Amino acid sequence: MSQLTRRDVVGIGAAAGVAALAIGQAAAQSRASRRITLDARPEPVSMDTATTAVIVVDMQNDFGSKGGMFERAGIDISGIRKAIAPTAKVLESARQSGIPIFYLKMAYRPDLSDLGAEDSVNRVRHLQLGVGQHVAAPNGAPSRILIRDTWNSDIVDELEPHSDDVVLYKTRFSGFYRTELDELLRARAVKHLIITGCTTSICVESTVRDAMFRDYSCVLLADCMNEPIGNTLTRSNHDASLLSTEVLLGWVSDSNQFVKALHA
C-alpha cells in the first residue's frame, strides 16, 4: 500500500498533474495486481485489485447506533444495523487482498462554521435533526450530535478502521465535496470503487454520482447499505438508487459476490 500522507497529496497541487500520475502508477504497482471479475448488474465487471478501493460511507454512530442522531430522531436504524455484518466481511476480504479502504464520516466543527450559511438547506435541515446538541454517549461520556472527534461521529464498533485505512470528514452528502478524497484516490491510481454505507439514496448516491462524473467506476454492494426513507413502500428509495446505478451510474452487486471474486 502507498505510504503517501494527506500532506503529500495536497502538496502535489494542480500544476504537478504529471508527477501525480507517476506517483499513482507507482503506488498501484506497489500493491498486488490481480484481475478479478465480479458478478453484477447489468453485467459482470472486471477490475484490477491494484486499482480498486473500498469506500465506507457514513457508517458512524449517529446513523447506525442506539443513542445516535437517527435513533434519537425516531428514524428506523434496523436496516443500517443489518448492513454491518456483510460490510465487515467485505472489509476483511479487502484487507487480505491489499485493497485500500476509505472511510467517510459526516461531521462538523464544534462551532458549526462548516455547516453552511444561515439560510442554507444543509444548515436548516441538520439543525432540525439536532446537529451540535450536547448529549451523553452510551457510556455516559459527553458527546455532541454530528460533531467531529466525538462518540457520535465515530465509526460503529463492528467496522472500526485499522491504522492503515484512510478516514476523511465531509460536510455535505457527497464524499467528494471539499474533501481530499479525489486526490487521495488518484494518488493511489484507483479506478474502481466498491461502495458500502448509508444512506443509499442520500450520501451513498451523492458520492456515487460525483465519482461517476470524475470517471471512477462504482460498484454498489446492495446488502452493505440501507435507506430508511421509503423503507415501508413497495419500492423504496434504496431500490430506486440501485436501479439508477445499474442503468446509468455503475454496477450493483453484493458482499457474497465480492468475496467470491476475491477468493476465486
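The structure under discussion appears in the preceding block.
From a predicted model like this one, the values you see are computed outputs, not experimental measurements.

A. Spotlight on helix α11 (residues 255-263). Among the residues of α11, those classed as buried are Ser255, Phe258, Val259, Ala261 and Leu262. All buried residues of α11 fall inside an arc of 160° around its axis, so they share one side. Seen from the buried face of α11, the exposed residues on the opposite side, beyond 90 degrees, are Lys260 and His263. Residues of α11 that are buried in the fold lie against β1 (35-38), β3 (52-57), α6 (84-96), β8 (192-198) and β9 (217-226). Between the side-chain oxygen at the start of α11 and the backbone nitrogen of Asn256 there is a gap of 3.1 Å, and the oxygen is on Asp254.

B. Seen up close, the side chain of Arg123. Topologically, Arg123 is positioned in helix α7 (residues 121-128). In this structure Arg123 is buried but unpaired, with Glu118 as the nearest side chain of opposite charge at 4.0 Å. Not counting residues up to four positions away in its chain, the partners in contact with Arg123 are Leu112, Leu115, Gly116, Ala117 and Glu118.

C. Structural detail: a nonpolar patch on the surface. Together, Leu243, Val247 and Leu248 make up a nonpolar patch on the protein surface, roughly 300 Å² of accessible area in all. Inspection of the secondary structure assignment puts Leu243 in helix α10 (residues 237-249). The exposure class assigned to Leu243 is partly exposed, which follows from its relative accessible area of 35%.

D. Spotlight on helix α9 (residues 200-213). An ideal rise of 1.5 Å per residue puts 20 Å on 14 residues; α9 measures up with 18 Å between its terminal C-alpha atoms. The largest bend in α9 amounts to roughly 25° and is located at Ser206. If you follow the buried residues of α9, they end up packed against β3, β4 (101-106), β7 (166-170), β8, β9 and α10. Where α9 terminates, the next one or two residues include Asp215, which has phi positive at roughly 70°.

Reading the values: rules and limits
- Residues numbered from 1 in each chain as written.
- Predicted model: local features only at pLDDT ≥ 70, side-chain atom pairs only at ≥ 80, totals over all residues.
- Heavy atoms only, no water.
- Buried < 20%, exposed > 50% of the residue type's maximum accessible area, 1.4 Å probe, protein only.
- Helix = DSSP H or I, 4+ residues; strand = E, 2+ residues; numbered from the N terminus.
- Arc of directions from axis to C-beta.
- Contact = heavy atoms within 4.5 Å.
- Polar contact = N/O pair within 3.5 Å; in protein donor to acceptor, adjacent residues only side chain to side chain.
- Lys, Arg positive; Asp, Glu negative; His and termini not counted.
- Salt bridge = Lys/Arg side-chain N within 4 Å of Asp/Glu carboxyl O.
- Patch = residues over 30% accessible without salt bridge, like charges linked within 9 Å, V, L, I, M, F, W, Y side chains within 5 Å.
- Areas by Shrake-Rupley, 256 points an atom, 1.4 Å probe, with all protein chains shown as cover.
- Expected span 1.5 Å × (residues − 1).
- Bend = angle between axes of the 7 residues up to and from the residue.

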